[in-house]
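Summary of structural features
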Amino acid sequence: MYVAPSILSADFGNLQAEINAICEAGCDLIHIDVMDGHFVPNLTIGPLVVNAVAKVATKPLDIHLMVENNTFFADLFLPLKPKFLTFHIEEEKHPLRLIDHIRKHDVSPGIVLNPHTPVSSLEHIIDEVDMVLLMSVNPGFGGQSFMPLVYDKIRALRELIDRKNTKCLIEVDGGVNGLNAPELDEAGADILVAGNYIFSSNSYAEAIRAIKLEF
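Now for a quick tour of the structure. Keep in mind the model is a prediction, meaning the values are calculated, not measured.

**Considerations on the overall build of the chain**
In terms of regular secondary structure, the chain is built from eight helices and eight strands. Here the chain has a C-alpha radius of gyration of 16 Å; the compact-globule value for 215 residues is 17 Å, and the two agree. In terms of overall dimensions, the chain has a C-alpha envelope of 45 × 35 × 30 Å along the principal axes. Considering the chain as a whole, with its 215 residues, one finds that 53% of them fall into the buried category. Of the contacts made within the chain by residues no fewer than 6 positions apart, 63% connect residues no fewer than 24 positions apart. Carbon and sulfur atoms make up 50% of the accessible area of the chain, which totals about 9700 Å². Measuring between centres, the 16 positive side-chain charges of the chain sit 6 Å from its 29 negative side-chain charges.

Right, here's the structure in full:
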């Protein structure tokens, strides 16, 4: 299991120290939520802050766009060379075009599904992306409770990936913790995003190990 701490829950007054801490604690990716205040009712960080994170991070960036104008925002962040750049299928009229655009910048493209969006919407696109992010809360705010309906979505997505013979990874974001990590692993998740569970813990390393199922 790979773990991607969401810096939305970090102490932004000590962001460099927070980034150093999660990297030293054993995270695999650094999850960055970009919100525009339109697609979701919240406004977060832009490329200047993400560039500062990239300079101190020793782990790859995983940028999640929650925005209305995907291509505009993608072009802001692609020069930072994240490992993954994901966008919501609910907001994109031409997903294949944007996927190709992201990949041409040597960045791995990914699609995000809100809790209500069916896995079947990926039937003709799954073999074009490197990752699918399943939201297990309504996007826009940290600290929400996990929606159990996502377990079945993970299983359905795993079946689709296996059927299409693709190497696409499954990421889950929202209400993830050490208690539901075993079930998420059993369902077929590859990457778990966690914010409050890690950044509110007494030990980032122990929290990350719990999600990784390393006891």
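So much for the structure itself; the text now carries on.
**Some remarks on the environment of K153**
Counting through the fold element by element, K153 comes out in helix α5 (residues 150-164). The class of K153 is buried, set by a relative accessible area of 10%. In this structure the C-alpha to C-alpha distance between K153 and A187, which are 34 residues apart in sequence, comes to 8.9 Å. Filtering out sequence-adjacent residues up to four positions away, K153 remains in contact with L113, N114, P115, T117, V119 and L134. Engagement of the side chain of K153 in a polar contact is seen with the backbone oxygen of T117, the distance being 2.7 Å.

**Some details on the pattern of salt bridges**
Inspection of every chain in the model, using the stated rule, returns eight salt bridges. The partner of K104 in a salt bridge is D100, and the shortest N-O contact between them spans 3.2 Å. Salt-bridge contacts for R103 lead to D130; the nearest nitrogen and oxygen are separated by 3.1 Å. Taken together, the positions of R103 in helix α4 (residues 95-103) and D130 in the loop between β5 (108-113) and β6 (131-135) put the pair 27 residues apart, joining distant regions of the chain. Ionic contacts of the salt-bridge type, sharing partners, join the residues E123, E159, R163 and K164 into one network.

**Looking at the packing of helix α1 (residues 15-24) against helix α2 (residues 47-56)**
When two helices pack together, their arrangement is given by the angle between the helix axes and the distance between those axes. Put simply, α1 and α2 touch, their axes get as near as 10 Å, and they point 45 degrees apart. In terms of axis orientation, α1 runs oblique to α2. The interaxial crossing formed by α1 with α2 has right-handed handedness. Contacts from L15, Q16, I19 and N20 of α1 reach α2 at V49, V53 and V56. Taken together, the residues that form the contact of α1 with α2 break down as five nonpolar, two polar and no charged.

**Describing the nonpolar core**
Grouped together as the largest cluster of nonpolar side chains are 64 residues, with contacts concentrated most on I7, I30, I32, L122 and L157. Among the elements that take part in this core, α5 stands out by supplying six residues, more than any other. Among residues more than four places away in sequence, those in contact with I7 are F12, I19, I22, I30, H31, I32, I45, V53 and F199. By size, the runner-up hydrophobic cluster in this structure holds six residues, among which are A4, M131, I191 and V193.

**Let's talk about the packing of aromatic side chains**
For the coordinates displayed, the defined rule picks out three aromatic pairs. With centroids separated by 5.1 Å and ring planes inclined at 50 degrees, the aromatic side chains of F146 and Y151 adopt a geometry described as tilted. Here the basic side chain of K83 rests over the ring of F84, its NZ or CZ set 5.6 Å away from the ring centre.

Conventions adopted
- Residues numbered from 1 in each chain as written.
- Predicted model: local features only at pLDDT ≥ 70, side-chain atom pairs only at ≥ 80, totals over all residues.
- Heavy atoms only, no water.
- Helix = DSSP H or I, 4+ residues; strand = E, 2+ residues; numbered from the N terminus.
- Rg over C-alpha atoms; globule rule 2.2 N^0.38 Å.
- Buried < 20%, exposed > 50% of the residue type's maximum accessible area, 1.4 Å probe, protein only.
- Contact = heavy atoms within 4.5 Å.
- Areas by Shrake-Rupley, 256 points an atom, 1.4 Å probe, with all protein chains shown as cover.
- Lys, Arg positive; Asp, Glu negative; His and termini not counted.
- Charge placed at Lys NZ, Arg CZ, Asp CG, Glu CD.
- Polar contact = N/O pair within 3.5 Å; in protein donor to acceptor, adjacent residues only side chain to side chain.
- Salt bridge = Lys/Arg side-chain N within 4 Å of Asp/Glu carboxyl O.
- Axes fitted to C-alpha atoms, helices over the stretch in contact; angles between N-to-C directions.
- Parallel < 35°, antiparallel > 145°, perpendicular 65-115°, else oblique.
- Left-handed = near helix turned anticlockwise from the far one by under 90°.
- Nonpolar A, V, L, I, M, F, W, Y, C, P; charged D, E, K, R; others polar.
- Core = buried A, V, L, I, M, F, W, Y, C linked by side-chain atoms within 4.5 Å.
- Phe/Tyr/Trp six-rings, centres within 6.5 Å; stacked < 30°, edge-to-face > 60°.
- Lys NZ or Arg CZ within 6 Å of the ring centre and 35° of its normal.

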